Amino acid sequence: MGELTHKAARAAFGGAIDFAMRKMDKDREKGLLDIVDLTERFMGDNFQKSSYEGARKLIQDPDSKWMRYLNRALDEIEPHVVKQTALNLGFEAAFHGTKMIRSMREVHQCNIPWLILMDPTSACNLHCTGCWAAEYGYKLNLTYEEMDSIITQGKELGIYFYMYTGGEPLVRKKDIIRLCEKHYDCEFHAFTNGTLVDDEFCEEMRRVGNLSLSISLEGFEEVNDMRRGEGVFNKVMATMDRLKKYGLIFGTSICYTRKNIETVTSDEFLDMIIGKGCRFTWYFHYMPVGNDAAPDLLPTKEQREYMYHRVREIRSMAGGKPIYAMDFQNDGEFVGGCIAGGRNYCHINANGDVEPCVFIHYSSANIREVTLLEALKQPLFMAYRDRQPFNDNHLRPCPMLENPEILQEMIKETGAKSTDLQSPESAEHLCSKCEAYACEWKETADRLWKEHPHQQKGYTNYKKRTEN
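Bear in mind that the values here come from a model prediction, so they are computed numbers and not experimental data. (Residues numbered from 1 in each chain as written. Predicted model: local features only at pLDDT ≥ 70, side-chain atom pairs only at ≥ 80, totals over all residues. Heavy atoms only, no water.)

1. What about the sheet that holds strand 5 (residues 250-256)?
On the basis of which strands lie adjacent, the open sheet formed by nine strands has the order 7-6-5-4-3-2-1-8-9 and mixed pairing. Looking at the sheet topology across the chains shown, the edges are occupied by strand 7 (324-327) and strand 9 (354-355). Set on the sheet, helix 7 (residues 173-182) makes contact with strand 2 (161-164), strand 3 (187-192) and strand 4 (211-216); between it and strand 4 the angle comes to about 145°. In the packing of helix 10 (residues 232-245) onto the sheet, the strands contacted are strand 4 and strand 5, and the crossing angle to strand 4 comes to about 160°. (Pairing = 2+ DSSP bridges. Helix = DSSP H or I, 4+ residues; strand = E, 2+ residues; numbered from the N terminus. Contact = heavy atoms within 4.5 Å. Axes fitted to C-alpha atoms, helices over the stretch in contact; angles between N-to-C directions.)

2. Brief notes about the packing of helix 5 (residues 79-108) against helix 6 (residues 144-157)
Where helix 5 meets helix 6, the closest approach of the two axes is 8 Å, and the angle between their N-to-C directions is 90°. Comparing their axes, helix 6 and helix 5 come out roughly perpendicular. Each of M100, I101, M104 and H108 in helix 5 lies in contact with helix 6, whose residues at this interface are K155, E156 and L157. (Parallel < 35°, antiparallel > 145°, perpendicular 65-115°, else oblique.)

3. Considerations on the pairing of strand 8 (residues 345-348)
Here strand 8 shows a buried face lined by Y345 and H347 and a second buried face lined by C346 and I348. As defined by bridge partners, strand 1 (residues 115-118) adjoins strand 8 across four bridges and the pair is classed as parallel. Counted as the bridge partner of I116 is C346 from strand 8. Taken together, the two bridges between strand 8 and strand 9 define a ladder with antiparallel strand orientation. Residue pairing in the sheet places I348 in a bridge with V354 of strand 9. Taken together, strand 8 and the strand that follows it, strand 9, pair antiparallel across an intervening segment of five residues, in which G352 is found at a positive phi of about 95°. (Buried < 20%, exposed > 50% of the residue type's maximum accessible area, 1.4 Å probe, protein only.)

4. Digging into the domain arrangement of the chain
Interface size is often expressed as the accessible area that is lost when the parts come together. Under the domain assignment used here, the chain contains domain 1 (3-78) and domain 2 (110-453). Tallying the contact residues gives eleven residues for domain 1 and 23 residues for domain 2. Summed over both sides, the interface between domain 1 and domain 2 buries roughly 1,400 Å², with carbon and sulfur atoms accounting for 54% of that surface. Ranking the residues of domain 1 by area buried against domain 2 places K65, W66 and Y69 at the top, with a combined share of 42%. Across the salt bridge formed by R279 and E76, the nearest N and O atoms sit 2.7 Å from each other. The tally of links from domain 1 across to domain 2 stands at nine residue pairs in polar contact (both at pLDDT 80 or more). Of all the secondary structure elements, the ones that give two or more residues to the side of domain 1 that touches domain 2 are helix 1 (3-26) and helix 4 (65-76). Broken down by element, the side of domain 1 that touches domain 2 gets its largest block of residues, six residues, from helix 4. Taken together, the residues that form the side of domain 1 that touches domain 2 break down as five nonpolar, one polar and five charged. (Domains from an automatic or database assignment. Buried area = accessible area lost by both parts, 1.4 Å probe. Salt bridge = Lys/Arg side-chain N within 4 Å of Asp/Glu carboxyl O. Polar contact = N/O pair within 3.5 Å; in protein donor to acceptor, adjacent residues only side chain to side chain. Nonpolar A, V, L, I, M, F, W, Y, C, P; charged D, E, K, R; others polar.)

5. What to know about the packing of aromatic side chains
Inspection of every chain in the model, using the stated rule, returns 15 aromatic pairs. With centroids separated by 5.4 Å and ring planes inclined at 40°, the aromatic side chains of F284 and F328 adopt a geometry described as tilted. Note that F284 is positioned in strand 6 (residues 280-285) and F328 in the loop between strand 7 and strand 8, a separation of 44 residues in sequence. For F284, a relative accessible area of 13% puts it in the buried group. Accessibility expressed as a relative area gives 27% for F328, which makes it partly exposed. Aromatic ring contacts, followed pair by pair, group F191, W282, F284, F328, Y345 and F359 into a single cluster. Looking at R178, its charged tip hangs above the ring of Y144, at a distance of 3.6 Å from the centre. Positioned over the ring face of Y308 is R312, at 3.8 Å from the centre of the ring. (Phe/Tyr/Trp six-rings, centres within 6.5 Å; stacked < 30°, edge-to-face > 60°. Lys NZ or Arg CZ within 6 Å of the ring centre and 35° of its normal.)

Put into structure tokens, the structure is as follows:
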């Protein structure tokens with residue numbers, strides 16, 4: 001798609017969204033059905049025919065859980081934010097970007113990610129116990145110009161979705177808003193502790209319309225503040241109220257461990273965050289990253305199996321809760337296994353090191369020394385490409401947590417170095433903390449995989465694909 005054609009298509013899509021949203025004010029069902037028609041017209045075979053039909057059926061069932069969820073969101077979210085999200089996450093990232101990325105993967109013969117996660121800074125206003133981000137130190141930053149360059153280069157490859165973590169990314173909130181302004185055609189998302197979100201920042205978020213947040217929580221007040229500091233829980237609750245008042249999109253980011261897994265998936269906890277206006281919740285499996293990490297926080301195999309079933313219950317069509325729950329580790333079956341190493345995402349830390357994953361702190365490329373494309377072609381990323389998926393059972397997707405022998409092999413083969421500037425950790429030391437866990441989980445994962453074959457999404461290994 002040429003630049004002029006692309007701009008014209010975006011303008012047409014935006015105009016059609018405006019028309020449909022005006023229609024929704026009078027007849028919401030008709031307006032939503034028009035948006036599905038519009039999406040099918042633009043996206044075509046990006047989605048299966050059954051997906052469009054399923055969306056229409058859902059819209060025509062006003063009493064269903066997900067229709068109530070959607071109606072509440074449309075009532076509470078600022079219309080400009082809704083439109084920008086549809087344009088940037090829908091038209092640009094899901095449609096235009098996806099097609100461009102697929103083409104670029106063939107042209108450049110390497111993984112091109114759908115999203116990039118980067119750390120504007122390693123600095124943080126909190127000092128949470130056991131935070132993996134603290135392993136980098138607190139004095140590193142990507143400059144505005146460096147982040148702008150990463151995004152500019154990314155768009156040339158078809159990447160229109162960018163996430164921020166840290167450190168605390170909102171230490172750099174003025175630069176983040178500047179990037180939202182300049183790259184108005186991209187969608188941005190920040191993982192934040194939530195304590196730096198004030199009225200001025202909410203007004204800026206509402207103005208640009210293309211930034212959403214995930215707020216970190218560990219549980220209720222006592223458990224949360226034990227790790228994050230006294231008073232943080234109440235500050236987060238106030239932040240959620242503020243974001244809801246301004247009509248902004250936000251959810252939670254929750255690391256589940258052996259100690260908090262039941263609490264953070266309980267009806268009581270979910271009802272609380274839903275009432276505060278959360279639209280989604282990311283669940284992240286605890287990873288024993290860093291020389292001082294505690295392996296005894298890893299969930300038991302029984303707890304992980306509980307998590308597998310509980311997340312599916314939460315987001316089921318009926319029952320569960322009206323919030324979209326995602327489990328970064330247990331949802332591998334829907335994305336064909338591990339998505340790191342640039343297959344669907346990669347991570348750039350505050351020192352500029354381009355890493356395969358936010359939890360895998362090894363690299364042989366720095367964005368200050370090479371282009372983004374060159375970084376995606378570094379030996380470690382090419383090793384990921386050649387080996388993904390790392391297991392035919394996508395409930396065992398990670399080359400560290402469930403297949404610890406594989407990460408060690410890739411690091412040794414490629415010569416990638418530890419990017420932990422405070423206390424470099426060898427791949428052998430890191431993976432040794434996962435070996436017993438991987439062995440214990442395998443039996444349960446294999447049983448679950450056999451029990452649910454209808455949900456498995458295949459992904460063909462690159463080498464096998466080229467050999468056939």
